[in-house]
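Below are the chains, spelled out letter by letter.
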Amino acid sequence: MQEKSLDGMRERLSTILFELKNGVVVVEGKHDVAVMERLGICTSTYERVMRGGLTVPEGAKVFILTDDDRRGSEKADAVSGFLSGSLGPCRLDRETGLRLLNLCNATSVEQVSKPIEK
């Protein structure tokens, strides 16, 4: 029974990682960028986005992957508002990042690498 649960978790992780690899991912800082790059996911930082340094291909989904804390939530709200105003209609996704954190039993992006690498 536990093996089925583990297989299900692996499948959900694979699905989330695939989604992130095929979109535009925004994280809080350089340490988060390093973690995501080790997982093969290209990212942009919150600061870069807020300075207008993000281009989003037409039809791409923008994943906002911030820590599950007050500051992360504030940054996610700010990035969402900024991108909605500067990019026009775009597909923003905050839920996939939260699903990844929950699946890895993590509260920060930096914590996801160990469970995923196992």
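These notes cover the structure that comes with them. (Residues numbered from 1 in each chain as written. Predicted model: local features only at pLDDT ≥ 70, side-chain atom pairs only at ≥ 80, totals over all residues. Heavy atoms only, no water.)

1. Describing the pairing of strand β3 (residues 61-64)
Part 1 of the argument: Bridge count between strand β1 (residues 24-27) and β3: three bridges; the pairing is parallel. Along β3, the bridge assignment pairs V24 with V62.
Part 2 of the argument: Summarising the sheet, β3 and strand β4 (residues 91-93) pair through three bridges and their orientation is parallel. The residue of β4 that forms the bridge with V62 is L92. (Pairing = 2+ DSSP bridges. Helix = DSSP H or I, 4+ residues; strand = E, 2+ residues; numbered from the N terminus.)

2. Points about the environment of E28
Part 1 of the argument: Checked against the element boundaries, E28 lands in the loop between β1 and α2 (30-38).
Part 2 of the argument: Taking the C-alpha atoms as reference points, E28 and A76, separated by 48 residues in sequence, lie 8.7 Å from one another.
Part 3 of the argument: Apart from the residues within four sequence positions on either side, E28 is in contact with T45, Y46, L65, T66, D67, G72 and K75.
Part 4 of the argument: A polar contact of 2.7 Å, which involves the side chain of E28, links it to the backbone nitrogen of D67. (Contact = heavy atoms within 4.5 Å. Polar contact = N/O pair within 3.5 Å; in protein donor to acceptor, adjacent residues only side chain to side chain.)

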